[in-house]
Amino acid sequence: MGCAGFTCSKHALCALNILYVMVSLLMIGIAAWGKWFGLVSSFQVVGGVIGVGVFLFFVALAGLIGAMKHHQVLLFFYMIVLFMVFIVQFSVSSACLAINREQQDHLLEVGWNNSRSTQRDVEKSINCCGFRQVDPNGTCDAACFPNHSCLPCADKIQEHAGKVLRFVGGIGLFFSFTEILGVWLTYRYRNQKDPRANPSAFL
């Protein structure tokens, strides 16, 4: 049977969903590891990453079960959810790749001001204090603070922000195309007849 056949579509869809399951478990594991070892103290960040990982896990699980059993209802809902995820992820990835330096500065400052735990994580990890200027009378977790040798964090963050956004945008764009591939595979697979089924039965 050629690659356009029922078995090939089934195996391709199963392989794609196994990949999604592995990615979701990796996301959950990395977030939990970062929280456990104190690399990230913000519960919102860790909870958000774990939440996305759990959501992706259940979507991939539904797709895997639907593909293995050729379950029409599961495959339909999987296709709809995956298409919605594709739209959101493609939009966010495109925004990450298209954002300019002024927009980056604004978003970084907003993020900095919204979370004290994120400020502490950044100050400790890249050894800086404050966003635009160092407050000698304030508190800072950076190792350089007792020596009064700290620099503001804005410049240091900006050095890495562009690279991180391009990396995240590129990875997101890659996975968004695998998602549209999954939608197409699911649509095609739903409309194929199982060769082992009764030829007179409905799909």
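Since the structure is predicted, the reported quantities are computational estimates derived from the model, not experimental observations.

Asks: So what exactly am I meant to see when it comes to the UniProt feature "transmembrane region" (unreviewed entry) in the protein chain here?
Replies: Here the UniProt-annotated "transmembrane region" (unreviewed entry) positions come out as residues 12-33, 45-66, 73-92 and 164-187. Taken end to end, residues 12-33 comprises 100% helix and 0% strand; its first and last C-alpha atoms sit 31 Å apart. For the annotated span residues 73-92, helix accounts for 100% and strand for 0% of the residues, and the straight-line distance between the end C-alpha atoms is 29 Å.

Asks: It is not clear to me how the packing of helix α4 (residues 101-114) against helix α6 (residues 153-190) should be interpreted in this structure. Could you clarify?
Replies: Packed helix pairs are characterised by how far apart their axes lie and by the angle those axes make with each other. Close contact between α4 and α6 brings their axes to 10 Å; oriented N to C, the two are set at 115°. The handedness of the crossing between α4 and α6 comes out as right-handed. Packed against α4, whose contacting residues are R101, Q104, D105, L108 and W112, the element α6 presents C153, I157, Q158, A161, G162 and L165 at the interface. Partitioned by chemical class, the residues of the contact of α4 with α6 number six nonpolar, three polar and two charged.

Asks: Where do I start with the nonpolar core in this structure?
Replies: Nonpolar side chains in soluble globular proteins tend to end up buried together. Counting residues in each nonpolar core, the largest one holds 19 residues, and the members touching the most others are L13, Y20, A67, Y78, L82 and Y189. Mapped by element, the contributors of at least two residues to this core are α1 (6-36), α2 (43-69), α3 (72-98) and α6. By residue number, the principal contributor to this core is α1, which donates six residues. Setting aside its immediate chain neighbours within four residues, Y78 contacts L13, N17, Y20, V59, G63 and T186. V122, C153, A154 and I157 belong to the second largest nonpolar core, which has seven residues in total.

Asks: Would you mind showing me how to read α6 here?
Replies: Because an α-helix packs 3.6 residues into every turn, residues spaced three or four apart end up facing the same way. Spanning 38 residues, α6 covers 52 Å between terminal C-alpha atoms, matching the ideal 56 Å at 1.5 Å per step. The axis of α6 is deflected most strongly, by about 30°, at A161.

Asks: Would you mind going over the packing of aromatic side chains with me for this structure?
Replies: Any pair of aromatic rings gets described here by the distance separating the centres and the angle formed by the planes. The full count for this structure, using the stated rule, is six aromatic pairs. Relative to F77, the ring of F76 has its centre 5.6 Å away and its plane inclined at 75°; by these criteria the two rings are edge-to-face. Clustering of aromatic rings is evident, with ring pairs tying together F83, F86, F90 and F177.

Asks: I keep staring at unusual backbone geometry and nothing clicks. Help me out?
Replies: The phi torsion of most residues other than glycine is negative, and most of the peptide bonds are trans. Positive phi is not limited to glycine here, since H70 has a value of about 55°. Within the secondary structure, H70 sits in the loop between α2 and α3.

Asks: Whenever I open this one, the side chain of S24 confuses me. Can you help?
Replies: For S24, the location among the structural elements is in helix α1. Among all residues touching S24, those that are not within four sequence positions of it are G53, L56 and F57.

Asks: Whenever I open this one, the state of the cysteines confuses me. Can you help?
Replies: Two cysteines form a disulfide when their sulfur atoms are joined by a covalent bond. Taken as a whole and assessed by the stated rule, the structure comprises three disulfides. Disulfide partner of C128: C153, at an S-S distance of 1.9 Å. Given an S-S torsion of about 105°, the disulfide between C128 and C153 has right-handed geometry. One end of the pair, C128, is in the loop between α5 (116-126) and α6; the other, C153, is in helix α6, and 25 residues separate them in sequence. On the accessibility criterion, C128 (0% relative accessible area) is buried. Here C129 pairs with C140 through a disulfide, and the sulfurs are 1.9 Å apart. Classification of the bridge connecting C129 and C140 rests on its S-S torsion, roughly -90°, and on that basis the disulfide is left-handed.

Reading the values: the criteria
Residues numbered from 1 in each chain as written. Predicted model: local features only at pLDDT ≥ 70, side-chain atom pairs only at ≥ 80, totals over all residues. Heavy atoms only, no water. UniProt positions renumbered as here; feature names shortened; annotations may be inferred. Helix = DSSP H or I, 4+ residues; strand = E, 2+ residues; numbered from the N terminus. Axes fitted to C-alpha atoms, helices over the stretch in contact; angles between N-to-C directions. Left-handed = near helix turned anticlockwise from the far one by under 90°. Contact = heavy atoms within 4.5 Å. Nonpolar A, V, L, I, M, F, W, Y, C, P; charged D, E, K, R; others polar. Core = buried A, V, L, I, M, F, W, Y, C linked by side-chain atoms within 4.5 Å. Buried < 20%, exposed > 50% of the residue type's maximum accessible area, 1.4 Å probe, protein only. Expected span 1.5 Å × (residues − 1). Bend = angle between axes of the 7 residues up to and from the residue. Phe/Tyr/Trp six-rings, centres within 6.5 Å; stacked < 30°, edge-to-face > 60°. Disulfide = S-S within 2.5 Å.

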